Amino acid sequence: MDQALLDYLGRIPPEHRPLFDRLHGIILEEHPDATVGISYAIPTYKVGRRRLFLGVWKHGVSIYGWGEDRDAGFSARHPDLKSGAATLQLRPDAAAGIPDQEFRNLVHAALDPE
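Residues numbered from 1 in each chain as written. Predicted model: local features only at pLDDT ≥ 70, side-chain atom pairs only at ≥ 80, totals over all residues. Heavy atoms only, no water.

**Focus on the overall build of the protein**
So, step 1. Looking only at helices and strands, the protein features five helices and five strands.
So, step 2. Going from N to C terminus, the protein has its helices and strands arranged as α-α-β-β-β-β-α-β-α-α.
So, step 3. Against the compact-globule benchmark of 13 Å for 114 residues, the protein has a radius of gyration of 13 Å, which places it among compact chains.
So, step 4. On the principal axes, the C-alpha backbone points of the protein span a range of 35 × 30 × 25 Å.
So, step 5. Per-residue burial for the protein yields a buried fraction of 43% across its 114 residues.
So, step 6. Pairs at least 24 apart in sequence give 56% of the contacts found in the protein among residues at least 6 apart. (Helix = DSSP H or I, 4+ residues; strand = E, 2+ residues; numbered from the N terminus. Rg over C-alpha atoms; globule rule 2.2 N^0.38 Å. Buried < 20%, exposed > 50% of the residue type's maximum accessible area, 1.4 Å probe, protein only. Contact = heavy atoms within 4.5 Å.)

So this is what it looks like as structure tokens:
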């Protein structure tokens, strides 16, 4: 892991670390081939030309960066979490009610090659 990523991980507030770790783990389980680094000051998962960004914000964790048509229907099933084009803002309490498989489907839709 590069130093910039380690520094980012070290700054995650304790109340958001479990959610970040859950999503980070899901992404790497589903795409162990992903290259992880920092881009736009947040962790970025790269698979070929595809990117997925995972950032911590004041109230939780956000997932960014897929095309509107590449979220496996996640945004449609959880419209209250959508915050702009291809952005989900997840508060820990809201994310707790979403099964891992929903996130796995999103990861595949976002990162799998066409």
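Having seen the model, we can carry on.
**A look at the side chain of H78**
So, step 1. Along the chain, H78 turns up in the loop between α3 (74-77) and β5 (87-90).
So, step 2. Aside from chain neighbours lying at most four places away, what touches H78 is I98 and E102.

**Topic: helix α1 (residues 3-10)**
So, step 1. Along α1, the positions that sit buried rather than exposed are L5, Y8 and L9. Looking straight down α1, one finds that the buried residues subtend no more than 95° of arc, so they occupy a single side. Away from the buried face of α1 by more than 90 degrees, exposed residues Q3 and G10 are located.
So, step 2. In this structure, the buried side of α1 is in contact with α2 (17-30), β1 (35-39), β2 (42-47) and β3 (50-57). (Arc of directions from axis to C-beta.)

**A look at the pattern of salt bridges**
So, step 1. Applying the stated criterion to the full structure yields five salt bridges.
So, step 2. A salt bridge links D100 to R22; the shortest N-O distance between them is 2.7 Å. With a gap of 78 residues between them, D100 in helix α5 (residues 100-111) and R22 in helix α2 connect regions that are remote in the sequence.
So, step 3. Residues joined in a network through salt bridges with shared partners are E29, E30 and R104. (Salt bridge = Lys/Arg side-chain N within 4 Å of Asp/Glu carboxyl O.)

**Re the packing of aromatic side chains**
So, step 1. In this structure the tally under the stated criterion is three aromatic pairs.
So, step 2. Centroid distance Y40 to F53: 5.8 Å. Interplanar angle 70°. Geometry classified as edge-to-face. With Y40 in the loop between β1 and β2 and F53 in strand β3, this pair connects stretches of sequence that are 13 residues apart.
So, step 3. By relative accessible area, which is 72% here, Y40 ends up exposed.
So, step 4. Between the aromatic rings of F74 and F103, the centroid separation amounts to 5.4 Å while the plane-to-plane angle is 35°, which identifies the pairing as tilted. Of the two residues, F74 is situated in helix α3 and F103 in helix α5; the sequence distance between them amounts to 29 residues. Accessibility assignment for this pair places F74 and F103 in one class, buried. (Phe/Tyr/Trp six-rings, centres within 6.5 Å; stacked < 30°, edge-to-face > 60°.)

What is shown is where atoms sit, not what they do.
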